[in-house]
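Summary of the model geometry
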Amino acid sequence: MFVDSVEIFVSSGKGGEGAVSFRREKFVINGGPDGGDGGKGGSVYFKVDRNTDTLSHFRGHKHFKAQNGQPGLGRNKYGKKGEDLEIIVPPGTQVIDLENGEILLDLLQDGERVLFLEGGKGGLGNAHFKSATNQRPTYAQKGLPGIDKKIRLELKLIADVGLVGFPNVGKSTLVSVLSHAKPQIANYEFTTLIPSLGIVDVGEFRSFVIADIPGIIGGASEGKGLGLEFLKHIERTRFLLFVIDISNYREIAEQFKTLREEVEKFSQELSKRPFGVIFTKLDVLEEGEISQKLEDFLQEFDFKLKKEEEELYIQTSKEEYILEFDKNIPQFVLGISSVMGKNLEILKKYLYESVKRNA
Ligand SMILES: Nc1nc2c(ncn2[C@@H]2O[C@H](COP(=O)(O)OP(=O)(O)OP(=O)(O)O)[C@@H](O)[C@H]2O)c(=O)[nH]1
Ligand SMILES: [Mg+2]
């Protein structure tokens, strides 16, 4: 389990001040007080929306403030109420007080809307303070201040996509270009020793979580390399992405076959998870070479996929309106280059769709 968190500063609006005003009419000298009340400051609400699944839209934005109430006006006119602020978060978000670490809200239920900070009350205008002894009060109340709070939003993450590949094939590099994560990258095997997560944004409120794990080699199930222990970190992912390096000294077919076998030895259940395949480091090949490699791969494993674009093959649903996909063959096979930024948007799109489809 990994945690995504952001620290923000939230304030409800200040109440508007009451007005000091006196009636002014023709032929009326020294009219009575008619100062209206100030408007209430806007409140801050949290709203849970499952159409958002990321906190990333809070990044680069620190202060969230509801509107202040407007001051009261003459002729007993109220000041306008400050607009409320609604902060939209995904289900599973906790609101934590930064000062003492207390969990203030635990937002689970889709559609839930919770008052977090009440706006300041508006001040009373001088019209309220007329009395027998004071016919012309020059006093009005100030609005009450809003409430400020420093909080942390925390969202517990479970990986949606797990990367499975030999060492040094470009898994961490891919995570570094798809997400904000900064995993270690180097040109030797077993650079990554512990799994880590990256959040991949797909539009403002949409994202999925990708898990970078250490490389797997043949015999990993018997403890070769780093073994298979760490596969438990991707046991609950919805989708596996097999990462095949076309420039590796190991043959493409051998990489894929070995990886499938090792995953199966680790867990029958995990090996039945829907999956996709990418060929990395496409930039090292001459134009045209990649198509041949992709075709050979599909043929070797008898994967019947539809050629959608030059380096993209996809599984089409068996029936047009029933979105049923065969879990024994890849949902897509795609050539990419992290270094050149090639086909990364396509990859994001297909990963996102596959994750949603298998939710
Ligand atoms: N030419 C080229 N090289 C790449 C590309 N992606 C990664 N590399 C290089 O491949 C090497 C290994 O990259 P990593 O991302 O560390 O590979 P990894 O799969 O995470 O490796 P381990 O953590 O050891 O399992 C590095 O030297 C990268 O610069 C690519 O798209 N093109
Ligand atoms: Mg790595």
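Keep in mind it's a predicted model, so treat the numbers as computed, not measured.

**Describing the nonpolar core**
- By size, the foremost hydrophobic cluster in this structure holds 87 residues, and its most contacted members are Phe46, Leu153, Phe279, Phe332 and Leu347.
- Examining the composition of this core, we find that seven residues originate from one element, helix α5 (residues 344-357), more than from any other.
- Counting the residues that make up this core, at least three belong to each of domain 1 (1-156) and domain 2 (161-358).
- For Phe46, the contacting residues outside a window of four places in its chain are Ile87, Val89, Val95, Leu105, Leu107, Glu112, Arg113, Val114, Phe116, Ile151 and Leu153.

**Considering the sheet that holds strand β10 (residues 196-201)**
- Pairing within the open sheet is mixed, and its eight strands lie in the order β10-β11-β9-β12-β13-β16-β15-β14. Here the strands that pair on one side only, and so sit at the sheet edges, are β10 and β14 (306-309). On average, each strand axis in the sheet is tilted by 25° relative to the strand beside it, whichever way the strands run.
- Two strands pair when backbone bridges link them, and β14 and strand β15 (residues 312-314) are joined in this way by three bridges, in the antiparallel orientation. Within the sheet, the bridge partner assigned to Lys306 lies in β15 and is Ile314.

**A look at the packing of helix α1 (residues 171-178) against α5**
- Direction vectors running N to C along α1 and α5 enclose 90°, while the axes themselves pass 11 Å from each other. With respect to α5, the element α1 is oriented roughly perpendicular. Within the contact between the two elements, α1 uses Leu174, Val177 and Leu178 and α5 uses Leu344, Leu347 and Lys348.
- Residue composition of the contact of α1 with α5, by class: five nonpolar, no polar and one charged.

Definitions and limits used
- Residues numbered from 1 in each chain as written.
- Chains lettered and ligands numbered in written order.
- Predicted model: local features only at pLDDT ≥ 70, side-chain atom pairs only at ≥ 80, totals over all residues.
- Heavy atoms only, no water.
- Core = buried A, V, L, I, M, F, W, Y, C linked by side-chain atoms within 4.5 Å.
- Buried < 20%, exposed > 50% of the residue type's maximum accessible area, 1.4 Å probe, protein only.
- Helix = DSSP H or I, 4+ residues; strand = E, 2+ residues; numbered from the N terminus.
- Domains from an automatic or database assignment.
- Contact = heavy atoms within 4.5 Å.
- Pairing = 2+ DSSP bridges.
- Axes fitted to C-alpha atoms, helices over the stretch in contact; angles between N-to-C directions.
- Parallel < 35°, antiparallel > 145°, perpendicular 65-115°, else oblique.
- Nonpolar A, V, L, I, M, F, W, Y, C, P; charged D, E, K, R; others polar.

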